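Here is what each chain is made of, one letter per residue.
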Amino acid sequence: MTSVEKTQNEIVEELSLFTDWIEKYEYLIELGKDEIDFDKRFMKDEFLINGCQSKVWLYAKQNNSKVTFHAYSDAIMTKGIIALLIKVFSNQSPDDIINSKLDFIDKIGLKSHLSATRANGLMSMIKQIKIYAIGFKEKNG
Amino acid sequence: MIDFEKIISSFPILDVKVNDNKLVYFDNAATTQTPTQVTNSIRDYFNKQNSNIHRGVHYLSNISTEDFEQSRKKVKEFIGAEKDEEIVFTKGTTDSINLVATSYQKFLNPGDEILISEMEHHSNIVPWQLCAEKTGAKLKVVSVTKEGEIDMDHLEKLLNEKTKILSITHISNTLGTINPISEITKLARKFDAKVFIDGAQAIAHQKVNVTELDVDFYCFSAHKLYGPTGVGVLYGKEEILEKLPPYQGGGEMIELVTFEKTTYAKLPSKFEAGTPNISGVIALGRAIEFIEEINLDLIFEYEAMLLNHYNEKSTILEYYEPFGTSLNKSAIASFNLKKAHHYDIGVLLDNMGIAVRTGHHCTQPLHKKFNLSGTIRASFGIYNTKSEIDYFFDCLSRAYKMLY
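None of these values were measured; they are calculated from a predicted model. (Residues numbered from 1 in each chain as written. Chains lettered and ligands numbered in written order. Predicted model: local features only at pLDDT ≥ 70, side-chain atom pairs only at ≥ 80, totals over all residues. Heavy atoms only, no water.)

**Quick look at the overall build of chain A**
Phase 1: A tally of helices and strands in chain A yields six helices and two strands.
Phase 2: Tracing chain A from N to C terminus, the helices and strands come up as α-α-β-β-α-α-α-α.
Phase 3: Compactness check: chain A gives a C-alpha radius of gyration of 15 Å against a globular reference of 14 Å for 141 residues, within 12% of the reference.
Phase 4: Principal axes of the C-alpha set define a box for chain A whose edges measure 45 × 35 × 30 Å. (Helix = DSSP H or I, 4+ residues; strand = E, 2+ residues; numbered from the N terminus. Rg over C-alpha atoms; globule rule 2.2 N^0.38 Å.)

**Here we look at the overall build of chain B**
Phase 1: The helix and strand inventory of chain B stands at 14 helices and 17 strands.
Phase 2: For a compact globule of 404 residues, the expected C-alpha radius of gyration is about 22 Å, and chain B comes in at 22 Å, within 12% of that figure.
Phase 3: With the C-alpha coordinates aligned to their principal axes, the bounding extent of chain B is approximately 70 × 55 × 35 Å.
Phase 4: A burial count over chain B gives 58% of its 404 residues as buried.
Phase 5: Element-wise, carbon and sulfur atoms account for 51% of the exposed surface of chain B, whose accessible area totals about 17000 Å². (Buried < 20%, exposed > 50% of the residue type's maximum accessible area, 1.4 Å probe, protein only. Areas by Shrake-Rupley, 256 points an atom, 1.4 Å probe, with all protein chains shown as cover.)

**Topic: the interface of chain B and chain A**
Phase 1: Residue-level contacts link 15 residues of chain B with 17 residues of chain A.
Phase 2: Three residues, B:Tyr343, B:Asn351 and B:Met402, lead the burial of chain B against chain A; their summed loss comes to 40% of the area buried on that side.
Phase 3: Here chain B and chain A share zero salt bridges between them.
Phase 4: On the surface where chain B and chain A come into contact, there are five residue pairs in polar contact (both at pLDDT 80 or more).
Phase 5: Those elements giving two or more residues to the side of chain B that touches chain A turn out to be helix H12 (342-351), strand E16 (357-359) and helix H14 (386-403) of chain B.
Phase 6: At six residues, the largest contribution of residues to the side of chain B that touches chain A is made by H12(B).
Phase 7: Across the side of chain B that touches chain A, the residue classes tally to seven nonpolar, six polar and two charged. (Contact = heavy atoms within 4.5 Å. Buried area = accessible area lost by both parts, 1.4 Å probe. Salt bridge = Lys/Arg side-chain N within 4 Å of Asp/Glu carboxyl O. Polar contact = N/O pair within 3.5 Å; in protein donor to acceptor, adjacent residues only side chain to side chain. Nonpolar A, V, L, I, M, F, W, Y, C, P; charged D, E, K, R; others polar.)

**What to know about a nonpolar patch on the surface**
Phase 1: Together, B:Ile254, B:Val257 and B:Tyr264 line one region of the surface with nonpolar side chains, adding up to about 260 Å² of accessible area.
Phase 2: As for its placement among the helices and strands, B:Ile254 is situated in strand E11 (residues 254-257). (Patch = residues over 30% accessible without salt bridge, like charges linked within 9 Å, V, L, I, M, F, W, Y side chains within 5 Å.)

**Examining the pattern of salt bridges**
Residue and element names in this part refer to chain B.
Phase 1: Counting across every chain of the model gives 22 salt bridges over all chains.
Phase 2: The partner of Asp 297 in a salt bridge is Lys 207, with the nearest N and O atoms 3.3 Å apart. You can see Asp 297 sitting in helix H11 (residues 296-316) and its partner Lys 207 sitting in the loop between strand E8 (194-198) and helix H8 (210-213), a full 90 residues away along the chain.

**Describing helix H3 (residues 59-79) of chain B**
Residue and element names in this part refer to chain B.
Phase 1: With 21 residues, H3 should cover 30 Å at 1.5 Å per step; its first-to-last C-alpha distance of 31 Å lies within 8% of that length.
Phase 2: Listed in full, the buried residues belonging to H3 are Ser 61, Ser 64, Thr 65, Phe 68, Ser 71, Arg 72, Lys 74, Val 75, Lys 76, Phe 78 and Ile 79.
Phase 3: In the stretch just after H3, Gly 80 is the one whose phi turns positive, near 70°. (Expected span 1.5 Å × (residues − 1).)

**Looking at H11(B)**
Residue and element names in this part refer to chain B.
Phase 1: Between the first and last C-alpha of H11 there are 31 Å, a value that for 21 residues agrees with the 30 Å anticipated at 1.5 Å per step.
Phase 2: Turning to H11, its buried residues are Leu 296, Ile 299, Tyr 302, Glu 303, Leu 306, Leu 307, His 309, Tyr 310 and Ser 314. Along the axis of H11, the buried positions cluster into a sector of 160°, meaning they face one direction only. Exposed residues pointing more than 90 degrees away from the buried face of H11 are listed as Glu 301, Glu 312, Thr 315 and Ile 316. (Arc of directions from axis to C-beta.)

**Remarks on the pairing of strand E17 (residues 375-379) of chain B**
Residue and element names in this part refer to chain B.
Phase 1: Counting buried positions along E17 yields five of five residues, so the element is predominantly enclosed.
Phase 2: The alternating pattern of E17 places Thr 375, Arg 377 and Ser 379 on one face and Ile 376 and Ala 378 on the opposite face, and all of these are buried.
Phase 3: Across four bridges, strand E14 (residues 332-337) lies against E17 in antiparallel orientation. Counted as the bridge partner of Ile 332 is Ser 379 from E17.
Phase 4: Note that E16 and E17 share three bridges and pair antiparallel. (Pairing = 2+ DSSP bridges.)

**Quick look at the domain arrangement of chain B**
How big an interface is tends to be expressed through the accessible area that disappears when the partners come together.
Residues and elements named next belong to chain B.
Phase 1: When cut into domains, chain B gives domain 1 (4-30 + 296-403) and domain 2 (39-293).
Phase 2: The centre of domain 1, based on its C-alpha atoms, is set 28 Å off from the matching centre of domain 2.
Phase 3: Contact with domain 1, which involves 35 residues of that partner, is made by 33 residues of domain 2.
Phase 4: Carbon and sulfur atoms supply 56% of the area that domain 1 and domain 2 bury against each other, a total of about 2800 Å² over both sides. (Domains from an automatic or database assignment.)

**Some points on the sheet that holds strand E6 (residues 138-142) of chain B**
Residues and elements named next belong to chain B.
Phase 1: Taken in spatial order, the seven strands of this open sheet run E4-E10-E9-E8-E7-E5-E6, and their pairing is mixed. Only two strands of the sheet have a single neighbouring strand rather than two, namely strand E4 (87-90) and E6. Here the average twist between neighbouring strands, direction ignored, is 20°.
Phase 2: Bridge count between strand E5 (residues 113-117) and E6: five bridges; the pairing is parallel. Its bridge partner being in E6, Glu 113 is matched across the sheet by Lys 138.
Phase 3: Packed onto the sheet, H3 meets E4, strand E9 (217-221) and strand E10 (232-236) and runs at close to 115° relative to E4.
Phase 4: Of the strands in this sheet, E5, E6, strand E7 (163-169) and E8 touch helix H5 (residues 126-135), which is tilted by about 165° from E5. (Axes fitted to C-alpha atoms, helices over the stretch in contact; angles between N-to-C directions.)

**With respect to the environment of A:Ser124**
Phase 1: Within the secondary structure layout, A:Ser124 lies in helix H6 (residues 122-140).
Phase 2: Residue class for A:Ser124 comes out partly exposed when judged on its relative accessible area of 24%.

**Looking at the packing of helix H2 (residues 36-49) of chain B against helix H10 (residues 278-294) of chain B**
Residues and elements named next belong to chain B.
Phase 1: Contact geometry of H2 with H10 gives a least axis separation of 8 Å together with a crossing angle of 145°. Pair H2 / H10 crosses with right-handed handedness. Of H10, the residues touching H2 (which contributes Gln 37, Val 38, Ser 41, Ile 42, Tyr 45, Phe 46 and Gln 49) are Ile 278, Ser 279, Ile 282, Ala 283, Arg 286, Ala 287 and Phe 290. (Left-handed = near helix turned anticlockwise from the far one by under 90°.)

**Describing the sheet that holds strand E13 (residues 320-323) of chain B**
Residues and elements named next belong to chain B.
Phase 1: Judged by pairing direction, the sheet is antiparallel, and its four strands sit side by side in the order E13-E14-E17-E16 without closing on themselves. The sheet terminates laterally at E13 and E16, the two strands that pair on one side only. Ignoring strand direction, the axes of neighbouring strands in this sheet form an average angle of 30°.
Phase 2: Sheet topology note: the E13/E14 ladder contains four bridges and is antiparallel. Following the sheet pairing, Pro 322 is matched in E14 by Phe 335.
Phase 3: Docked against the sheet, H11 engages E13, E14 and E17, running at close to 15° with respect to E14.

Right, dumping it as structure tokens:
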């Protein structure tokens, strides 16, 4: 099991403790309110993700062959979901990120609430995360 | 009096459960729901009379043609037009605007001016931008006041002999403001400018009479009138439509085709190239019957009562920030809750079974002017109730408490 899969499983386990959507969303809201490691200088159009109704800025860095992601959103719920994504993808190798399957969103029952309408940029966020990983992989040779 | 039980029973979709909650549908400005009278008509059309119209000699084609043309008469009477020839069926409001913004290019020259307002829907902005680019005409934009009304002084200032066409919404899809169309038309007449009205948000909510309004063009969509998607209407004064060149070429719109030259069919066929949405047009006729049976004046009164109730409730929430505070409003309420992102509120309301629109509602320039990244919009229809509004405000407080 890769550590991307391991973190996903942990999230699924944690969220399965909640019995209704309100608890689940309250958890996401709490996550969304947490302080995050995001340099506001990256709040520029070129780091903005398309397709989100709420604004999402995302950038990535590489430390010793691992990639870290940093993101911010003006909406709390979106920020909570970003926090989950960052938990899953940060500090992983580009290969693990590129090859990962993302089934945890489905398993935690968020897919039906955050469907792929134009209101939601979740898919765009994941795509951008993978694009960063591909970029770092190529750069590393 | 409105027979409310009867209305509700015509909309089985209202029984849909969303996340175990009863659906509260407050997105009527985006699309209205279809009553069984309309959906049955679509089913019956395909089960009993499906065929192509205006050309067959056979039984099915004849009855479908008859029904299709009956719908045209119904639309004509519904909006107070004078002739069948003035009613063109299109795909919807957007299609109707594009038709005129394209065909009218023939009469525009560099330096001419097209006038729109800041509160227009993107579909009443972009076609005119394309038109201006093509012809060298200039697009001029009338300001909106902080209450969300058209600045009539500014409108008067912008109108001049170069103004060839003015395209304004009857009711703002975001602010809900009902614009003074007759007054606007009178001003435009001084300079002989043509008047195009986007009636998408008005047609199901108040009586519209194009002859009394004295507009040159008026358009709307069936799906905002309790009818199906993919059908719309363009009304145009006969003498103007007569002069406009065709928008699209194809079957139905021709008189005689040779490889050297084609002559075009008479109105309205000239603007109805190809096989139209026959079942949809017939269903639009049923939707109009449905509305007329209830009575548009009563609908207007009922929805005004809903808006009034809504406004009273909204003043209780100290963090409620309305967008569009004109006293002359249709039942559309856009707002934000202090500090909260419209998307967060929309997602939480959705989980409570409430359908609202969040975002810019296709009026980005209007939101930008007032420095808003988006708003939440609740818009009402004939099946909505005061108790749904009460539930809505309970849910708003709950959502806000979850976030802050």
